[in-house]
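Listed below are the residues making up each chain.
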Amino acid sequence: MREVKCVEGSASVGESGQLELERRYVAGAYARLDELRRLSEDELRRVRTTQFGGGHQARSERDAFATHYEDRLAQLNAVDERLVFGRLDTGNGERHYVGRLGLATEDHRRLVLDWRAREAAAFYQATAATPMEVVRRRHLIMDGREVTALEDDVLHADAVPENEVVHGEGALIAALNSERTGRMTDIVATIQAEQDRIIRAPLSGVRVVQGGPGTGKTAVALHRAAFLLYEHRERLAKSGVLIVGPSSSFLWYIERVLPALGETGVVMSSLADLYPGVHGAVETDPWVTRWKSGLHMVDVVARAVADRQKVPQRSQWLTVDGHRIKLSRSLVRRARERARATGKPHNEARETFVKVVIKELAQNLGQELNEKAGSTMDRSYLKEDLRQSREVRVALNLLWLPLTPQQLVSQLFAKEHYLRSAAPELDDAQVARLLRPADAPLTVADVPLLDEAAELLGDFESAGIKVRGDRSLEERKAQESAQKALEAMAEGFEDIGAQGVVTVEQLTAFNAEAPHRMTAAEAASSDRTWAYGHVVVDEAQELSAMQWRVLMRRCPLKSFTAVGDIAQAGSAGASRTWGEALEPFVGDRFTVAELTVNYRTPQPIADAAARVARDAGLSVSDPTAVRDGEPPAVVEVASDAEAVAAVVARVGDELERLSGGLVGVVCPGRRIGAVGTALDRAFPGQVAAGMRSLDRRIMLLTPWDAKGLEFDSVVVVEPGEICSDPAGGAGNLYVAMTRPTQRLHLVAAHGIPRGLGTEPGESAPDA
C-alpha cells in the first residue's frame, strides 16, 4: 500500500494510526460490497438458466426476477467510487459510518449508513451550536477504494482526545479545487447545511430553490431526487420521478450523478423532448418563441381543433351503389353538435359523428327505396353499405378527419387559413413570421402545443382507421399458420393418440413473442399521459407558461422541485418572477428557499458578472463566494480574424496551466463554425462541440448549451454580441461568465458591454 499523508508535512503517529484504522474499516465495507455483487450475479445467472415454463406468465415472472437482480447489480456497481465518506461519533459512544449506500453484514449488523437515512442528517446539519448528539464528524477523503486523508470536525471538544483529532485542508475546499472532467459529480460527501435542509424537505408541494451561479442548485436538485426515491420508495418506484433540464448537453453532463447515489430509475428529459418521439429544433425567431409560449395558445389550439370539425358550405349529393343520397348541411351540423356534446376528444368523438351521419343517411335512403318499391322491407344493411362507400368515406374524412398532434401543429403553421382562423388577433406581418413549410421541423416552442393538441385530439386509433385492422389481420395470419401446422402434424398426433390435445389457440399463444417487460422508467418515458410522483425542473427560470402547463399535467399531485436563478433567464418565453411562472397553476401555494453561497465562481469573476447583469437592468442575487481568484481578463482586438487568433492563444495558455482540466469556449451560434475550425486546426483531436466527449479538453458551446455546466477555465467570444442577442441577451452573458471555477477570458472585436468596459482614456484590462 502506498504511503499517504493525512495533512501537509509529516503525519503524527496518532494520525497515522487513525488513517490505518479507517482503511481497515473501509476495506471491510468494500469486501461486503463485492460479496453482495457476487450473490446478485449468482441469483441473476440462476434466474436466467432456470426453466419457468413456457407460458407468458412464467416468462413474465422470470423477466421480473431478472430485472430485480439487474437493477440491484447496477446499483451496487454504481457506488464503487467513494463508497464510504464519513463517520459520526455520538455522545453515547456509538459510531456510524456514512456512505452512498446502506450496507449490513449477513447477520444484519450495520456497516454503512445510507446518506439519505434520517440518522445521517446529522452528518450535514450538526454544528457546534446544535450538535445533534454528535461529538465528532469525520470526513474520509477517498481515491478510488483507498482512504487517502482524514479531517475531523469536533463539535464537543471535551469528548474527543486531542491526539485522536485529525486536521486537514477541508473536504469541501478539496472538492472545489479538483479539476473538472466533463461530467458532473455528486456532492454527497460535502453537502452543506443549507443544501441539506432543502434536500430533505417534504415531498408534497411546489418547492422553488432560487440561487445564483455556483450555489449548487443542480446538485441539490439531483440529491433531492435521490433522497425522495429513498424516503418514499414504495410510492415513487411505481409512479417515477421526472427530471427536466434545458438541453441534451446538460442532461448528458448530469446523467451519472443519480446512479452514483444508488438510483437508476428516473426519467430525464430536455425541454425539446417533453413529447415522446419528437425532438424540438431551435426556434430562431424570439418573437415566434414568445408568441407560442403564452397561455393564450390553449385557445389557439382549441380553435385549431374545432376548425377541423367542419360544416360544408353547401349540401352535397353522394352516389352509393347507383343511388343518389343528399348529405345536407343541417344533418352535418346536427351530427357535429351530437359529437361535441359527448365531451370526448376529437378523434374519439368522430365515432359519434360518423354514427349519426350514417344512421340518418341510411334512414333517408331506405325510406326513398321503399317508397319507390312500394314496400316496407328492412334495409338495415344500408348502414354497412354506406360505411363501405368510397364517396361517403371521403366526404366524412373531409368533414371530420382524424389527426395526430404532429399533423395538427404542422398544418396550423403551414396553411394560412387555418392560422388566421385559430388566431384572429394576428396581423399580416405576424402571420408571415409564423408561417413555414409543411415539412419544416417542429421546434422546442411547438412541443407544448403538441401536448395540448394530444389532449384535445385523443387516441388516433380510436378513430377506427387502419391501425386497428392491421393488428387483427396479423392475428388472423398467425391463427391460419397455426391451423396449417396442426393439419400437417395431424397424422403424427393420431398415431400417438394425441389428436385434439393441442388447439389452434394454444399453438398461436405459444408462438407469440412475449411482450417486453418495461421498467416504470421505460414505460413513463414513452407514455405522454404518465402521471409522475415528483418532477424536478433544473434551470426552471427558462420555462414558458406552456411548458409549465405540460409539466403540471405530468404531475397531477403538483409535487415539484424547481431550481434556478430568475436573473439567468435567456429564453424569449421565460417569466420575470417565480410568481409569474407558477401562480397560473398553483396560485400562491409554493415556497421559495434561497441558496446563498457560491461554491464555484471565484469572487472577482462573480462580481464582474453581477456588474454586467445589473448594468443591463437585470436583478441578480449576490451570493458570497467561498474562494478568491483572478479577475476576468478582457481582450479587445481590431478584427474578427484577430479575435479568433486571440481565442486560440487563450485556450492554448489555459491548456498549459491546467494539468488535465477542461476549457469551455462559449461562442455566439453564428461564430461557432469559424472558431471551431481554428481550434481544431490548433488542437487536433481536443475539441468537442457540445458536452459529448470525455477525452476532449476543449468544449465549444453556445450560451444556451452552457447553462448549468462548469469548466476550470472559460473563454467567452464576443460578449457584446451575446449581450445584444434578443434570444437571450444579458442573461446569457451572465450565464457564460459564471461557468469557470478558476479563470475567465473575454475576447471581443466588436465592443464589450457596460460593466466590463473601462472609463474613457483607460486601456482595456488584459491578463
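Residues numbered from 1 in each chain as written. Predicted model: local features only at pLDDT ≥ 70, side-chain atom pairs only at ≥ 80, totals over all residues. Heavy atoms only, no water.

**Student:** Any details on the sheet that holds strand β22 (residues 740-748)? Residues and values, ideally.
**Tutor:** Where strands meet in a sheet, backbone hydrogen bonds hold them as pairs that are either parallel or antiparallel. Strand order in the open sheet formed by 6 strands is β17-β22-β21-β18-β20-β19, with parallel pairing between adjacent strands. The sheet is open, and its two edges are formed by β17 (633-636) and β19 (687-689), each paired on a single side. Going from strand to strand, the sheet's axes swing by 20° on average, the running direction of each strand aside. Sheet strands touched by helix α27 (residues 640-657): β17, β18 (663-666), β20 (698-701), β21 (711-717) and β22. Its angle to β22, the strand with the most contacts, is close to 160°. Running at roughly 130° to β22, helix α30 (residues 730-737) makes contact with β18, β21 and β22 of the sheet. (Pairing = 2+ DSSP bridges. Helix = DSSP H or I, 4+ residues; strand = E, 2+ residues; numbered from the N terminus. Axes fitted to C-alpha atoms, helices over the stretch in contact; angles between N-to-C directions. Contact = heavy atoms within 4.5 Å.)

**Student:** Explain the pairing of strand β12 (residues 534-537) to me, using residue names and the numbers behind them.
**Tutor:** In β12, alternate side chains face the same way, and those of H534 and V536 on one face and V535 and V537 on the other are all buried. Of the pairings in the sheet, the one linking strand β8 (residues 241-245) to β12 comprises 4 bridges and is parallel in character. Residue L242 lies in a different strand from β12, and its bridge partner there is V535. Here β12 pairs with strand β13 (residues 560-564) via 3 bridges, running parallel. Across the sheet, residue V535 finds its bridge partner in β13, namely F560. In the classification by handedness, the crossover that spans β12, the intervening helix α24 (residues 545-554) and the parallel β13 is right-handed. (Buried < 20%, exposed > 50% of the residue type's maximum accessible area, 1.4 Å probe, protein only. Right-handed = clockwise from strand over helix to strand, strands pointing away.)

**Student:** Hey, could you go over the sheet that holds strand β2 (residues 95-99) for me, with residue numbers and the actual values?
**Tutor:** Pairing within the open sheet is mixed, and its 6 strands lie in the order β3-β4-β2-β1-β5-β6. Edge positions in the sheet fall to β3 (103-104) and β6 (146-154), since each of these pairs with one other strand and no more. Bridge count for strand β5 (residues 134-143) against β6 is 8 bridges, and the pairing is antiparallel. Counted as the bridge partner of L140 is L150 from β6.

**Student:** Before we move on, could you go through the nonpolar core and cite the residues and values that matter?
**Tutor:** By size, the foremost hydrophobic cluster in this structure holds 69 residues, and its most contacted members are W115, V241, I243, V716 and M737. By residue number, the principal contributor to this core is helix α6 (residues 217-231), which donates 8 residues. Each residue touching V716, except ones within four places of it in the same chain, is listed here: V666, I722, L733, A736, L744, H745, L746 and V747. Membership of the second largest hydrophobic core comes to 58 residues, among which are L408, A422, V537 and V550. (Core = buried A, V, L, I, M, F, W, Y, C linked by side-chain atoms within 4.5 Å.)

**Student:** Residues and numbers for the packing of aromatic side chains, please.
**Tutor:** All chains considered together, the criterion is met by 6 aromatic pairs. Three or more aromatic residues joined by ring pairs form one cluster here, namely F85, F123 and Y124. (Phe/Tyr/Trp six-rings, centres within 6.5 Å; stacked < 30°, edge-to-face > 60°.)

**Student:** Got a sec to walk through the UniProt feature "binding site: ATP" (unreviewed entry) in the protein? Specific residues and values, please.
**Tutor:** Taking the numbering used here, the UniProt-annotated feature "binding site: ATP" (unreviewed entry) corresponds to G211, G212, P213, G214, T215, G216, K217 and T218. Within the fold, G214 resides in the loop between β7 (206-211) and α6. Setting aside residues no more than four positions away along its own chain, G214 makes contact with V597, N598, Y599 and R600. When you line up the elements, T215 lands in the loop between β7 and α6. Residue classification places T215 among the buried positions, given a relative accessible area of 0%. Among the polar contacts listed, one links the side chain of T215 to the backbone oxygen of G212, at a separation of 2.7 Å. (UniProt positions renumbered as here; feature names shortened; annotations may be inferred. Polar contact = N/O pair within 3.5 Å; in protein donor to acceptor, adjacent residues only side chain to side chain.)

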